[in-house]
Amino acid sequence: MKKNDNSNKLKESAKKDTGDSEEKQKKAKKPEKKTQTQILQETLGLEPGILENIEQKLFVARFLDYYSEEPLDFIYREKAIDSYKNQISNIIEKYDKTTEEDKLIKQSFENKQILNTIDKIREQTENIAAEKGFKKSINKKMRNWSILVSIPMFLLIIVFTILPYFDININYIYLFPVLCVFCMVPTIIRNFLAKKWYNFKEQNKMDIYTTNREDIMILKGFINEVLENVRSRLIELKVPLELIKFVLNSNDYDAVKVLNQKVEKGTRVYYVRFDYPSGIEPFPIPEELARQYIPPEKTLEKIAEAEKNFIVLENIEAEGGVIESFIPTLKDSLAEPINEMLNNCEFKKASKDIESILPNYSTEMAIYCKCGEMVNIKGIQICTWKKDFNFYLFEGEICDCGEKVYALSLMDKKQDIPKELKKIF
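Criteria and cut-off values
Within each chain, residues carry numbers counting from 1 in the order of the written sequence. With pLDDT at 70 or above as the cut-off, local features in this predicted model cover only qualifying residues; side-chain atom pairs require 80 or more to be listed or tallied, and sums for whole chains, interfaces and linings still use all residues. Note: side-chain values were computed over all heavy atoms of the structure, leaving out hydrogens and water. Helix numbering and strand numbering both begin at the N terminus, where a helix is a DSSP run of H or I of at least 4 residues and a strand a DSSP run of E of at least 2. Relative accessibility thresholds used throughout: buried, under 20% of the residue-type maximum; exposed, over 50%; partly exposed, between the two (1.4 Å probe, protein chains only). We call two residues in contact whenever any of their non-hydrogen atoms come within 4.5 Å of each other. For the accessible areas, the method is Shrake-Rupley and the probe is 1.4 Å, while residue cover comes only from the protein chains on display. A pair of strands is considered paired only if DSSP assigns at least 2 bridges between the two. Here an axis means a line fitted to C-alpha atoms, over the contact stretch when the element is a helix, while the angle between two N-to-C directions is reported on a 0 to 180 degree scale. Note on aromatic pairs: the rings of Phe, Tyr and Trp (six-membered ring only in Trp) are paired at centre separations within 6.5 Å, and the planes decide the class, stacked below 30 degrees, edge-to-face beyond 60, tilted for the rest. Only when the NZ atom of a Lys or the CZ atom of an Arg is both within 6 Å of the ring centre and within 35 degrees of the ring normal do we say a charge sits over the ring.

Observations concerning the overall build of the protein chain
Counting its regular elements, the protein chain contains 12 helices and nine strands. Counting all 425 residues of the protein chain, 41% fall into the buried class. Counted over contacts in the protein chain with a minimum sequence separation of 6, partners at least 24 positions apart contribute 67%. Summing over all exposed atoms, the protein chain offers an accessible surface of approximately 25,300 Å²; the carbon and sulfur share of this is 52%.

In structure tokens, the structure reads:
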């Protein structure tokens, strides 16, 4: 009997080991999630590193374009600018070991002294800002005011905490209204400073441009060269130009075609793709990519969302797609996973109107812009993630401050949330 028992134990152990081995093999065979760049690279049969090189060039072009159009956004931010300059220098430094076209880019970068030009624009812009009363970055001003308001609030909490130890009875009911006021004050101050900053930028934009015109034209010329270089490389590789879309702050360049334009935070941005030169027919989009290809209008919406702070409607009371109540919560720290989620969604316009989906939408229960204004909802999309999870995407009209708000919400309070999306919803 003992011999049989030992034999059975050995068999059970062998089965367990086999099961563990199969489980490990399954995990090992589990496909890794590929980025859009990897999918594009494999489908088009491109060598590894080619699209990464193109993305780096677009990073250089986009930063310099933004910097040349909005130099005020970079005043008193020397560390941030130095970081960008280091990244650009590291990218350009590699170009003496690649193609002849890339060597020309590096030579132009050095001849035009792009890094010195960046510093020159910053210094001249800071001088103008200081003369007109702005001697700190707007972000630093907001932080300082928040700290100043927070100090008395914390002191008050400490006082209310230690008073009972001295046998002093406190009616805590009076503490909550005071704390509410303290919580609201930083938001009011931030909104005030933001509006003041946007007005300052608008009033002085032409003066800044006039002062820096020659240096801005140097940057613009170099940006144009980089974009021409990228387009030539894409054509050489026979990459369909329709698939490469990105955002610029100006439309001054020969190699791109403007698809749409919007105003964001008081600044106009352009959604663009590379344009085919005269005499070159568009390249066919491979079938594998054509099935995933998103029409231009939808692509523009996704690009727009990628630049936004998102709001999620939490603690909802909802059933059958009708949302009776909610608490709007800013999720700007989750912008990246939210955009990744949206890029894996199918979109369909909601059949119900806004009044049917949000019957109680009013000043007492609304989505608000960061400036404090109530958001007017422009449209509602039903998003389907991986073909089985549906949620709402609310698109707001552009606010007077230039901001555009997007909000996400479950469609039903009892809806099961995929574990991958629980940190969002």
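What to know about the sheet that holds strand 7 (residues 377-385)
Spatially, 5-4-9-8-7-6 is the arrangement adopted by the six strands of the open sheet, whose pairing is mixed. Because the sheet does not close on itself, it has two edges, and the strands there are strand 5 (322-330) and strand 6 (345-349). Neighbour-to-neighbour, the strand axes of this sheet turn through a mean angle of 30°, independent of strand direction. The pairing of strand 6 with strand 7 spans five bridges and is classified as antiparallel. In the sheet register, K348 faces strand 7, and the bridge partner there is I382. Contacts between helix 11 (residues 335-342) and the sheet are confined to strand 4 (310-319), strand 6, strand 7, strand 8 (389-396) and strand 9 (406-409), with strand 4 contributing the most and set at about 65° to the helix.

Let's talk about the packing of aromatic side chains
Under the criterion given, the structure shown has 15 aromatic pairs. Ring centres 5.6 Å apart and planes at 85° place the aromatic pair F63 and F74 in the edge-to-face group. Taken together, the residues F63 in helix 3 (residues 50-69) and F74 in the loop between helix 3 and helix 4 (78-93) connect sequence positions 11 residues apart. Accessibility assignment for this pair places F63 and F74 in one class, buried. Where F389 meets F425, the ring centres are 5.7 Å apart and the plane angle is 70°; that geometry is what we call edge-to-face. Separated by 36 residues along the polypeptide, F389 in strand 8 and F425 in the segment after strand 9 bring together distant segments of the chain. You'll find F389 and F425 in the same group, each marked buried. Among the aromatic residues, those joined into a cluster by ring pairs are F59, F63, Y66, Y67, F74 and Y84. Directly above the aromatic system of Y95 lies the positively charged group of K57, at a separation of 5.4 Å from the ring centroid.

A look at unusual backbone geometry
With a phi angle near 60°, Y76 is a residue other than glycine that sits in the positive phi range. Along the chain, the position of Y76 falls in the loop between helix 3 and helix 4. Under the relative-accessibility criterion, Y76 is labelled partly exposed at 26%. Although it is not a glycine, N315 adopts a positive phi angle of roughly 50°. Inspection of the secondary structure puts N315 in strand 4. On the basis of relative accessible area, N315 is assigned to the exposed category, the value being 60%.

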